[in-house]
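Below, each chain spelled out in residue letters.
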Number of protein chains: 2
Amino acid sequence: MSAIPRYYQAKTKLLDLLSELPDNTPFPPERELAELFGMSRTTIRKALDELVLEGKLIRKAGRQGTAVAPRKQVHRLSLDALVQDLATRESIVVRTVGAQDVINVESVLVRGDEPIGVRSTYLRASQFPGFAELYDRSASLRKFLMDRYKIRFGELHPWCTTALATPRIAGMLDVRPATPVLSVSWMAHDFRGVPVERSWVVLRGDRAHLTMHLPRTDHVVRRSTA
Amino acid sequence: MSAIPRYYQAKTKLLDLLSELPDNTPFPPERELAELFGMSRTTIRKALDELVLEGKLIRKAGRQGTAVAPRKQVHRLSLDALVQDLATRESIVVRTVGAQDVINVESVLVRGDEPIGVRSTYLRASQFPGFAELYDRSASLRKFLMDRYKIRFGELHPWCTTALATPRIAGMLDVRPATPVLSVSWMAHDFRGVPVERSWVVLRGDRAHLTMHLPRTDHVVRRSTA
């Protein structure tokens, strides 16, 4: 294992400094920090960039430097709430995709006054006649499909990965493009195995944790398929 | 929503180019790409940096430019396998942390010849007398605790978030520091609620997906606590 890189040493020092400053305090400029720590500006910039990516510093418009990001709560969103579509939602858009038989329902997940995620679901229009007119956007999408179209969902195998926010998603989440996000996807089938919907949720890595649930497994160590 | 940033336009073009080149092909230098697309080198560099971060390009040592990263399989690791400690492991280290009553068991998760994750578990030494001598590293840690210390685990609520690899973790995973990783953590209790272990798994975002399981919920939409 190699020695700790210079920029990471700088980052550790910057984190110490940061922890003592109140929210929104302008952070010392690159040049000043470079002198203070006896490190190159390139090294300091790399450390600052990482703190901005992690949401600990915010970069001000133009060449105004950085400031301490307001410490906001990290919200816990359960996998169950994401799938059931129970997270508080706003800006729900229903659109037909291209000339094809596909409906897309997209919503922004909010906590307080902040966007913390985007949820996007794809359905086949022919499978859900009248969907665009019938769906009133106030109910959970999943509950609506169950109540109106008598869908009985089967078990689900969502998967989770990390990605960099695309400019479009970044715009919706009010973060810089390329901010790390958590991506949760699933393909929902009904209990007979017929595909019902394909969903995809992107969560701000700096604002949201995904929480899961595993039942008791003390009596037997199951062999996994992984 | 703002227009698509220049660098993202560049990234899209670079992705097109990339998709036509075989693994390990040297990628055209910044200067050449800037001329080809009529964009600034700064713009091209930003796009290249993002592709390197995503593991689609590799940066060669020194000033050798970039090359097409070998397309490797993305491995699916189940949450269950991570918790049960069933993922293929190597380099298992058991150490006492500081002068304190804490044991740390750390292992590298491998698939093929690649490290794709790091698993780290903390236990109280006083709760598991003789652990360091008794644990033979060949069994799953969880199974060992169940068999040897008669632990009966209760249900679990792991949480998942995204983070940037620290230099130490990056070294173990053979990626650049600050590469986005998936982080899965849990606090395991026994069935009476006594804390047993605290674990933490970091997975390479470009190589591993976390898969989960949700049972059938068609009969009732449960209210979630999220």
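Conventions we followed
- Residues numbered from 1 in each chain as written.
- Chains lettered and ligands numbered in written order.
- Predicted model: local features only at pLDDT ≥ 70, side-chain atom pairs only at ≥ 80, totals over all residues.
- Heavy atoms only, no water.
- Domains from an automatic or database assignment.
- Buried area = accessible area lost by both parts, 1.4 Å probe.
- Salt bridge = Lys/Arg side-chain N within 4 Å of Asp/Glu carboxyl O.
- Polar contact = N/O pair within 3.5 Å; in protein donor to acceptor, adjacent residues only side chain to side chain.
- Nonpolar A, V, L, I, M, F, W, Y, C, P; charged D, E, K, R; others polar.
- Helix = DSSP H or I, 4+ residues; strand = E, 2+ residues; numbered from the N terminus.
- Expected span 1.5 Å × (residues − 1).
- Buried < 20%, exposed > 50% of the residue type's maximum accessible area, 1.4 Å probe, protein only.
- Contact = heavy atoms within 4.5 Å.
- Least-squares fit on C-alpha atoms with pLDDT ≥ 70 in both.
- Pairing = 2+ DSSP bridges.
- Axes fitted to C-alpha atoms, helices over the stretch in contact; angles between N-to-C directions.
- Phe/Tyr/Trp six-rings, centres within 6.5 Å; stacked < 30°, edge-to-face > 60°.
- Lys NZ or Arg CZ within 6 Å of the ring centre and 35° of its normal.

Peer 1: So, the domain arrangement of chain A: which residues are in play, and what are the values?
Peer 2: Residue and element names in this part refer to chain A. Structurally, chain A comprises domain 1 (6-68) and domain 2 (75-211). Centre-to-centre separation of domain 1 and domain 2, based on C-alpha positions: 36 Å. Of all residues in domain 1, Val-52, Leu-53 and Gly-55 bury the most surface against domain 2, accounting for 75% of the area lost on that side. Our count for the domain 1 to domain 2 interface comes out at 0 salt bridges. The interface formed by domain 1 and domain 2 contains 0 residue pairs in polar contact (both at pLDDT 80 or more). For the side of domain 1 that touches domain 2, a count of residues per class yields 2 nonpolar, 1 polar and 2 charged.

Peer 1: Describe helix H3 (residues 41-53) of chain B, and please don't skip the residues or the numbers.
Peer 2: Between its terminal C-alpha atoms H3(B) stretches 18 Å, which fits the 18 Å expected from 13 residues at 1.5 Å a residue. Along H3(B), the residues classified as buried are B:Thr43, B:Ile44, B:Ala47, B:Leu48, B:Glu50, B:Leu51 and B:Val52. Tucked into the core, H3(B) has its buried residues touching strand S7 (159-164) of chain A together with helix H1 (6-19), helix H2 (30-37), strand S1 (57-59) and strand S2 (66-68) of chain B.

Peer 1: Tell me about the relation of the copies chain B and chain A, residues and numbers included.
Peer 2: Rotating chain B by 180° and moving it 0.0 Å along the rotation axis overlays it on chain A with an RMSD of 0.1 Å. On the angle and the small slide along the axis, the relation comes out as a two-fold axis. Looking at the interface residues of chain B, 100% of them are also at the interface in chain A, so both copies use one shared face.

Peer 1: Describe in detail the pattern of salt bridges, supporting the description with residues and values.
Peer 2: Under the defined criterion, the tally for this structure stands at 34 salt bridges over all chains. The salt bridge partner of B:Asp85 is B:Arg89, with a shortest N-O separation of 2.8 Å. A relative accessible area of 17% means that B:Arg89 is categorised as buried. Connected through shared salt-bridge partners, A:Lys11, A:Glu50, A:Glu54 and A:Lys56 make up one network.

Peer 1: How would you summarise the side chain of A:Thr43 if you had to cite specific residues and measurements?
Peer 2: The residue A:Thr43 is located in helix H3 (residues 41-53) in this model. Those residues in contact with A:Thr43 that sit more than four places away from it in its chain are A:Arg6, A:Tyr7 and A:Ala10.

Peer 1: If you had to explain the sheet that holds strand S6 (residues 114-124) of chain A to someone new, which residues and values would you point to?
Peer 2: Strands sit in the order S4(A)-S5(A)-S6(A)-S9(A)-S8(A)-S7(A)-S10(B)-S3(B) across an open sheet of 8 strands; the sheet is mixed. Across the chains shown, the open sheet's two edge strands, defined by having one partner strand only, are strand S4 (89-97) of chain A together with strand S3 (75-78) of chain B. Averaged over all adjacent pairs, the angle separating strand axes in this sheet is 25°, with direction ignored.

Peer 1: Describe helix H6 (residues 141-149) of chain B, listing the residues and the values that go with them.
Peer 2: When we look at burial in H6(B), the residues that qualify are B:Leu141, B:Arg142, B:Phe144, B:Leu145, B:Met146 and B:Tyr149. Positive phi appears at B:Lys150, one or two residues downstream of H6(B), with a value of about 55°.

Peer 1: Break down the sheet that holds strand S8 (residues 180-189) of chain B for me, with residues and values.
Peer 2: One open sheet accounts for 8 strands, arranged S3(A)-S10(A)-S7(B)-S8(B)-S9(B)-S6(B)-S5(B)-S4(B); its pairing is mixed. What marks the edges here is a single partner per strand, and that holds for strand S3 (75-78) of chain A together with strand S4 (89-97) of chain B. Sheet twist, expressed as the mean angle between neighbouring strand axes with direction ignored, is 25°. Here strand S5 (residues 102-111) of chain B runs beside strand S6 (residues 114-124) of chain B; their pairing, made up of 10 bridges, is antiparallel. Along S6(B), the bridge assignment pairs B:Arg111 with B:Glu114. Each of S4, S5, S6, S8 and strand S9 (195-204) of chain B is contacted by H6(B), which is oriented at about 30° to S6(B), the strand it contacts most.

Peer 1: Which residues make up the environment of A:Asn24, and what are the values?
Peer 2: Residues and elements named next belong to chain A. Structurally, Asn-24 can be placed in the loop between helix H1 (6-19) and helix H2 (30-37). Between the C-alpha atoms of Asn-24 and Ala-163, which are 139 residues apart in sequence, the distance is 28 Å. Excluding residues that lie within four positions of it along the chain, Asn-24 makes contacts with Ile-58, Ala-67, Val-68 and Pro-70.

Peer 1: I'd like to hear about the packing of aromatic side chains, residue by residue, with values.
Peer 2: The description of an aromatic ring pair uses the distance of the two centres, along with the angle that the planes make with each other. Evaluated as defined, the whole model comprises 12 aromatic pairs over all chains. Plain terms: the ring middles of A:Phe131 and A:Phe144 are 5.7 Å apart, the flat faces sit at 80° to each other, and that makes the pair edge-to-face. On the criterion of sequence distance, the pair formed by A:Phe131 in helix H5 (residues 131-134) and A:Phe144 in helix H6 (residues 141-149) is long-range, its members being 13 residues apart. Using a relative accessible area of 1% as the deciding quantity, one classes A:Phe131 as buried. Taking relative accessible area as the criterion, A:Phe144 reaches 9% and is therefore assigned buried. In this structure an aromatic cluster arises from ring pairing among A:Phe128, A:Phe131, A:Tyr135, A:Phe144 and A:Tyr149. The residue whose ring lies beneath A:Arg76 is B:Trp159, and the NZ or CZ to ring-centre distance is 4.8 Å.

Peer 1: Provide a residue-level description of the environment of A:Ala3, including the pertinent values.
Peer 2: Relative to the elements of secondary structure, A:Ala3 occurs in the segment before H1. Separated by 42 residues in sequence, A:Ala3 and A:Arg45 have C-alpha atoms that sit 20 Å apart.

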